[in-house]
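As a plain string of letters, each chain reads:
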2 protein chains.
Amino acid sequence: MTESAARVLAPGDTIGILGGGQLGRMLAEAASALGLKVHVFCPEAGSPAFDVAAVHTLGAYEDTAALDAFAAQVDVVTYEFENVPGPTAAHLAARLPVRPGPKALAVAQDRLSEKDFLSAAGIALAGYARIDSLADLDAALTRFGGQGVLKTRRFGYDGKGQAMIRDAAKAGEAFAALGGKDLILEALIPFVREVSVVAARGVTGEVVAYDITENHHEHHILKTSTVPANVGMATADSAREIAGRIVTALDYVGIIGVEMFVVGTGADEHLLVNEIAPRVHNSGHWTQDACLVSQFEQHIRAVAGWPLGKATRHSDVVMENLIGAEADDWARILAEPNARLHLYGKAESRPGRKMGHVNRITPKR
Amino acid sequence: MTESAARVLAPGDTIGILGGGQLGRMLAEAASALGLKVHVFCPEAGSPAFDVAAVHTLGAYEDTAALDAFAAQVDVVTYEFENVPGPTAAHLAARLPVRPGPKALAVAQDRLSEKDFLSAAGIALAGYARIDSLADLDAALTRFGGQGVLKTRRFGYDGKGQAMIRDAAKAGEAFAALGGKDLILEALIPFVREVSVVAARGVTGEVVAYDITENHHEHHILKTSTVPANVGMATADSAREIAGRIVTALDYVGIIGVEMFVVGTGADEHLLVNEIAPRVHNSGHWTQDACLVSQFEQHIRAVAGWPLGKATRHSDVVMENLIGAEADDWARILAEPNARLHLYGKAESRPGRKMGHVNRITPKR
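Rules and cut-offs
- Residues numbered from 1 in each chain as written.
- Chains lettered and ligands numbered in written order.
- Predicted model: local features only at pLDDT ≥ 70, side-chain atom pairs only at ≥ 80, totals over all residues.
- Heavy atoms only, no water.
- Helix = DSSP H or I, 4+ residues; strand = E, 2+ residues; numbered from the N terminus.
- Rg over C-alpha atoms; globule rule 2.2 N^0.38 Å.
- Buried < 20%, exposed > 50% of the residue type's maximum accessible area, 1.4 Å probe, protein only.
- Contact = heavy atoms within 4.5 Å.
- Lys, Arg positive; Asp, Glu negative; His and termini not counted.
- Charge placed at Lys NZ, Arg CZ, Asp CG, Glu CD.
- Polar contact = N/O pair within 3.5 Å; in protein donor to acceptor, adjacent residues only side chain to side chain.
- Pairing = 2+ DSSP bridges.
- Least-squares fit on C-alpha atoms with pLDDT ≥ 70 in both.
- Axes fitted to C-alpha atoms, helices over the stretch in contact; angles between N-to-C directions.
- Domains from an automatic or database assignment.

A. View of the overall build of chain A. Across its full length, chain A holds 11 helices and 17 strands. For a compact globule of 365 residues, the expected C-alpha radius of gyration is about 21 Å, and chain A comes in at 20 Å, within 12% of that figure. Counting only C-alpha atoms and orienting by the principal axes, one finds that chain A spans roughly 60 × 50 × 40 Å. Residue burial in chain A is summarised as follows: out of 365 residues, 60% are buried. Contacts in chain A between residues at least 24 apart in sequence constitute 62% of all its contacts with a sequence separation of at least 6. When the 35 positive and 43 negative side-chain charges of chain A are each reduced to one mean point, those points stand 2 Å apart.

Given below as structure tokens:
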């Protein structure tokens, strides 16, 4: 069946979520407020999302019996991370709607197919090249001025699975360190800033895009997202338009995160897409407290086949991730007048682990 | 120990909630966003709050073994309804903090002790009289001009357990119908409008009161709450001040709902308190979408011993309860641009049953 003909959930129906981290937890909170039940499927015991799920399954993504039991108890399946194994998604999609669809997953799980898809859709990207041999790498480095970022095509995140090459003589070393195959080289972009857009598409094809966000990273992990971003109005409009073109090309259902580079200044300012994430996105957490409808409710509405809400923003906001011990400051943050604290209920704090976030709000005037 | 010396919860601790209805469900959603766990104790199978509780106990409030097991698993106890049996509250309070305290429960469970307490605290009330005999009733009716509302002292709600007396000749009939003892007669007030205030008090004694709300009832059930209320600024300030005086006099911890009548107009406009509810209150649901911190988060912060948030309101709002079949309109409401739908996940819709509510928002300019 086409997604536009897909079943619409009723209040009281159950949304199945693959993955039990903070994104699953915040999706479950949003589903609850809409009178929907949540069933979380996750292999890690004590996952944060279990605390707010009506039902949870502690199981491996390869356990087809557990997946069948899960599929029999839910009305639609979504996920909180892009590395859901392809066979898991396919197994479930043969039994009930999986939103976003397996196509979006397949595209997003491989940096090369993602970039091939985006350029085929007419989206501007930084230069990239498929790297399966040192010869591929040398040729690409020559094209890209002797430097670039070498990345594994699959399973990279937060800076893992990549190496910066600034000196072509060091290329062989990086090539070997990353396994010597299934790699991609991305040209280094002299970007002015990093931005992103979260957008939603419903089963009927309606698209809603939130305001462009300016992102700052520390140690390859998102640290802050600021809205409004320091970009021109044309760039802000273009960012939403690009996100809309991507979700439509993917026949997408749900929230997508689109990371972009701002290149050039003034009349020359323009956007190059860096990567997409087929799920609710850390750079969209600000929508919880600066918009009437958060990215989490928007995603739940979309996967339920319900009308999307407006993405109208009532406040300016800076979202700050609380990494590791930073979350120990919770009491001080709670006492800040315009701060909204969000904690994920993770039992153990570890360096580099996202423990929560805070949205600092300034009502628009 | 005094409440101000009370233990402060840490993220990951567990809040025990007595009662599993929509108020418990919305409290659990708010606790989750703050990284706290919830354990719901309720005698009704399939209670809405079970869906978002990390743990739930299906047990009777008189089952002391179940209460002991519950007490052993939680760090603080609160409740979503005022008719928690006194012995249940006392049994738990002997083991761990119960917030709001048993004193507030005892006062609020008996209309007579509630009014005696309020007048002792210097709060203006409508005339009332203790009624244990027809002679009491005749004398009180004479004082109140031959009419009044006769009510049972305990367990009345949504218009149940009360009778309007407009003709003294019918007094005996009403007296008998309500059991002929443990009654209270309230003078009829020619009020201009019904209003309420929800306020919170923390363990350190800090008080935060939300804006006064104008309420309209249908068939004795709250239908809409509108903010701002159509009252003068002095009356609005007075309402918050009255609520503050009440929570302080009760050494209260958590959210309280204070229902009042507006009497007189212009310079003559003033307030008479009707009743108090020692819990989050239906007339405070608007805070979910018109304030940075909702009454539910505020209550969780208070019972956790955490700093309270500001009650600042960023939008004007009308909250409408969805009663019975009205909730079948969910899809139309979802499509309204400035509406925020909240559904309670109740399996069965019955006439007069609160199935959800909608907050219709107008950002302040």
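There is more to say after this.
B. Representation of the side chain of H281 of chain B within the structure. Residue and element names in this part refer to chain B. Summarising the element assignment, H281 is placed in the loop between strand 14 (270–277) and helix 9 (287–290). Engagement of the side chain of H281 in a polar contact is seen with the side chain of S283, the distance being 2.7 Å. Other than its neighbours up to four places away in sequence, H281 contacts V198, G257, E259 and Q295.

C. A look at the pairing of strand 4 (residues 76–79) of chain B. Residues and elements named next belong to chain B. Because side chains alternate across strand 4, one face comprises the buried residues V76 and T78, and the other comprises V77 and Y79, equally buried. In this structure, strand 1 (residues 14–18) lies alongside strand 4, joined through 4 bridges in parallel fashion. The residue of strand 4 that forms the bridge with I17 is T78.

D. Structural view of the relation of the copies chain B and chain A. By a simple turn and slide, chain B fits onto chain A: the slide is 0.0 Å along the axis, the RMSD is 0.0 Å, and the turn is 180 degrees. What the superposition gives is, in effect, a two-fold axis relating one chain to the other. In terms of proximity to the rotation axis, the leading residue of chain B is V52 of chain B, whose C-alpha is 2.1 Å off the axis. An overlap of 100% is found between the interface residues of chain B and their copies at the interface of chain A, pointing to a shared contact surface.

E. Focus on the sheet that holds strand 3 (residues 55–58) of chain B. Residues and elements named next belong to chain B. Spatial ordering of the open sheet is given by 3-2-1-4, a layout of 4 strands whose pairing is parallel. A strand with exactly one partner marks an edge of an open sheet, and here the two such strands are strand 3 and strand 4. Direction aside, neighbouring strands of the sheet carry axes that sit 20 degrees apart on average.

F. Layout of the domain arrangement of chain A. You can read the domains of chain A as domain 1 (3–109), domain 2 (127–186) and domain 3 (193–363). A separation of 29 Å is found between the C-alpha centroids of domain 2 of chain A and domain 3 of chain A.

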